[in-house]
Amino acid sequence: MEAARVGGEVLERWRGKFNAREKSPGDLVTEADFEAQQAIQQFLERRTPEFAFLAEEADASDLSRLQGEYCWIVDPLDGTVNYAYGLAPYAVSIGLAKNGRVIAGAIWDPLLQEMFSAAVGEGAFCNDRRLKPTACTELNQALVGVGFAPQITRKHRQIQQFLTVLEDCRGIRRLGSAALTICYVADGRLDGFWTETVKTWDVAAGIVIAEEAGASVSRTDGQPLDLADPKIVISATPALHERFVELLRSVPAAP
């Protein structure tokens with residue numbers, strides 16, 4: 001939580017003063033991303049020099065670090081496009097994995113001053129308030145979130161999933177921050193969320209927050225979550241999760 005606040009302070013200092021560039025088509029990065037990550041890394045390495053460190057704006061290709069005893073997983077700015085355009089939401093996301101499983105996480109929204117946090121066995125919170133998902137059990141009554149990659153094409157399987165879910169749910173929201181969208185399911189502001197096109201650092205902290213709040217979490221095919229390949233679906237209740245997963249699995253791969 002302290003490290004997330006450190007990163008958030010950097011983001012707020014840079015707000016409105018940075019230059020954005022494309023690190024790949026449609027995917028922006030700013031000076032704020034790099035400076036926030038550096039500040040977070042320095043903060044964590046002073047306290048836990050023996051822990052591995054995996055972050056978006058670094059050499060993030062070596063996912064084997066996740067299997068070490070302890071590994072920090074950091075997204076210094078989840079929602080960069082929102083941030084660059086002066087939109088909400090965006091957040092700092094920090095998870096801690098032990099032997100490949102996320103055991104603690106903190107997600108800081110510097111605009112709303114909301115700190116979402118959780119540790120295994122200790123519950124999930126927004127500031128000092130305990131999180132609790134909704135009691136929704138039917139997909140046709142559910143408001144769900146979705147996360148897309150910047151370069152997704154109309155032929156991608158998740159676009160076909162989107163059209164299928166859109167016909168069966170109450171509504172879909174794409175907020176631009178997977179980390180905060182997961183927190184909103186944990187806090188009852190949404191009933192579900194799914195994505196097949198995000199990275200480990202986008203969702204790592206959110207996974208433990210959702211699980212500790214009592215939400216159901218799995219791969220989109222219903223199998224146990226793979227942190228290195230986070231095709232993820234999160235639902236407020238087990239009954240909703242079963243229906244959500246069934247619908248997602250019914251969508252065939254794109255030709």
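In what follows, the structure referred to is the one given above.
Right, let's walk through the structure included here. Within every chain, residues take consecutive numbers counted from 1 along the sequence as written. Reporting of local features is limited, given that this is a predicted model, to residues whose pLDDT is at least 70; pairs of side-chain atoms are given and counted only at 80 or more, and all residues count toward the totals for whole chains, interfaces and linings. Side-chain metrics rest on all non-hydrogen atoms present in the structure, leaving aside hydrogens and water.

## Considering the sheet that holds strand β9 (residues 129-130)
Then, in step 1: Whether two strands pair comes down to DSSP finding at least two bridges between them. The numbering of helices and of strands both runs from the N terminus, where a helix is a DSSP run of H or I of at least 4 residues and a strand a run of E of at least 2. Reading across the sheet, the seven strands line up as β3-β4-β5-β6-β7-β8-β9 and stay open at both edges, with mixed pairing between neighbours. What marks the edges here is a single partner per strand, and that holds for β3 (52-55) and β9.
Then, in step 2: Contacts between residues were defined by any pair of non-hydrogen atoms, one from each residue, lying within 4.5 Å. Axis angles are defined between N-to-C directions and span 0 to 180 degrees, where every axis is a line fitted to C-alpha atoms and, for a helix, only to the segment in contact. On the sheet, helix α2 (residues 31-47) packs against β3, β4 (70-78) and β5 (91-98) and is oriented at approximately 150 degrees with respect to β4.
Then, in step 3: Of the strands in this sheet, β4, β5, β6 (101-109) and β7 (114-119) are in contact with helix α5 (residues 178-186), which crosses β6 at around 100 degrees.

## Quick notes on the sheet that holds strand β12 (residues 192-195)
Within a sheet, each strand pairs with its neighbour through backbone hydrogen bonds, oriented either parallel or antiparallel.
Then, in step 1: Strand order across the open sheet formed by five strands is β11-β10-β12-β14-β13, with mixed pairing between neighbours. Each edge of the sheet is formed by a strand with only one pairing partner; in this case those strands are β11 (171-173) and β13 (216-219). Strand-to-strand twist of the sheet, defined as the mean angle between neighbouring strand axes without regard to direction, takes the value 20 degrees.
Then, in step 2: In the sheet, β13 pairs with strand β14 (residues 232-235) via four bridges, with the strands oriented antiparallel. Pairing of Ser-216 across the sheet is with Ser-235, part of β14.
Then, in step 3: Contacting β10 (143-147), β11 and β12, helix α4 (residues 157-168) runs over the sheet at an angle of about 155 degrees to β12.

## Focus: unusual backbone geometry
Then, in step 1: Residues Ala-88 and Pro-89 are joined by a peptide bond in cis, for which omega reads 0 degrees.
Then, in step 2: Note that Pro-89 resides in the loop between α3 (80-85) and β5.
Then, in step 3: Phi is positive for Gln-113, which is not a glycine, with a value near 60 degrees.
Then, in step 4: By the element assignment, Gln-113 lies in the loop between β6 and β7.

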